[in-house]
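Results of the structural survey
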Amino acid sequence: MDFRDFQPAPAPEVGDPRPSPEARQVATVHYGVGDIHGMRRLLDDLIGRIEADASDDQAVVVFLGDLVNRGPSSRQVLERLIEGPQRRGDRWITLRGNHDQLVLDAVAGKSQTAFRRWMEKGGLETLASYGVSRKEASLSRARRAIPAGHLEFLDGLPFSFRAGEHFFVHAGIDPRRPLDRQSEAAMMTIRDPFLRGSHLLPFTVVHGHVPSPGGPVVAPRRIGVDTGAYASGVLTAVALREGCKPRFLASIRERARAKR
């Protein structure tokens, strides 16, 4: 067709409620991101994959907790999550995991017992990301090294988030209790009672906490997306779009990819 034959569609009159033919309704895609555990490079890569996957739609990204410990870049992970999304219209919800609570119990709680437990669970790597060596590791040194803003961020994290037919939480739920009677401790730490069988509540639980290095787990009424990023080099997210089956995105460390 000769371009001279092309006639553009007339612009709608002022106040005309009809959308233009090119108008497109923006959908919302929810993403559940597994345990990051101080793996900043994997996090950055996965965020890029999520943004590309969402394309022109709104991405609501739910980070399922265990942001820190074990990996080498806990401070850098917190800095990125505090920054928030860079795309207009996207939304991030960051949940609290048991490892995030370990930091609060030790440093904000000023507990030597909690500090020793934190050190046994990956706290040395977290302190190293703040410039504290193994020899220097102590509760008083940790309190000086970790910015108050980082502790405030962790302390403000919710324990769960619900969107339609999906309930996002770090570890899971107690299948014997209704939703309004779930304890914070259970949502951060539960394993067997939740993992052994299907709960009867009317939603699918999206969770992390239990590493599955072989890939994400899809079971009755639950989706597990913790693929053990700090050990396996694989950080996984599930993409949940209304009316579609769950899809999975993964960021894979080069060394881990070479072993596969």
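Preceding block: the structure.
As the structure is a prediction and not an experimental result, all values here were calculated from the model. (Residues numbered from 1 in each chain as written. Predicted model: local features only at pLDDT ≥ 70, side-chain atom pairs only at ≥ 80, totals over all residues. Heavy atoms only, no water.)

1. Things to note about the sheet that holds strand S3 (residues 91–94)
Cut-off, in case you're wondering: Following DSSP output, two strands are said to pair if at least two bridges run between them. Strands here mean DSSP runs of E at least two residues long; helices mean DSSP runs of H or I at least four residues long; both are numbered from the N terminus. Note on method: axes are straight lines fitted to C-alpha atoms, helices fitted across the in-contact stretch only, with angles between N-to-C directions ranging 0 to 180 degrees. Pairs of residues are marked as contacts when any of their non-hydrogen atoms sit within 4.5 Å.
Overall, mixed pairing links the 5 strands, which are arranged S3-S2-S1-S9-S10 in an open sheet. For this open sheet the edge positions go to S3 and strand S10 (247–252), each flanked by a neighbour on one side alone. Sheet twist, expressed as the average angle between the axes of neighbouring strands with direction ignored, equals 20 degrees. Two elements, strand S9 (residues 234–241) and S10, share 6 bridges in a ladder whose sense is antiparallel. Bridge pairing in S10 links Ala 239 to Arg 247. Strand contacts of helix H1 (residues 40–54): strand S1 (28–33), strand S2 (58–63), S3, S9 and S10, with the helix running at about 145 degrees to S10, the strand carrying the most contacts.

2. Digging into empty space enclosed by the protein
Here is the rule we go by: Space inside and on the surface of the protein is sampled on a 1 Å grid over the protein atoms alone, with a cavity defined as a set of points where a 1.4 Å probe fits but cannot get out and a pocket as an open set with protein on both sides within 12 Å along at least 5 of 7 lines; lining residues have an atom within 4 Å of a point. Grid points are joined across faces, edges and corners, and a volume is the space filled by probe spheres set on the points. Here the nonpolar group is Ala, Val, Leu, Ile, Met, Phe, Trp, Tyr, Cys and Pro; Asp, Glu, Lys and Arg are the charged ones; every other residue, Gly included, is treated as polar.
Within the structure shown, the criterion is met by 2 cavities of 30 Å³ or more. Volume-wise, the largest cavity comes out at about 50 Å³. Residue lining of the largest cavity: Ile 47, Ile 50, Glu 51, Ala 59, Val 61, Phe 63, Pro 85, Asp 90 and Trp 92, and that is the complete set. Among the elements of the structure, H1 and S2 are those that each provide at least two residues to the lining of the largest cavity. The residue makeup of the lining of the largest cavity, split by class, is 7 nonpolar, no polar and 2 charged. In terms of lining residues, the second largest cavity is bounded by Val 68, Leu 78, Val 103, Thr 126, Tyr 130, Ile 146, Leu 151 and Leu 154. Residue composition of the lining of the second largest cavity, grouped by class: 7 nonpolar, 1 polar and no charged.

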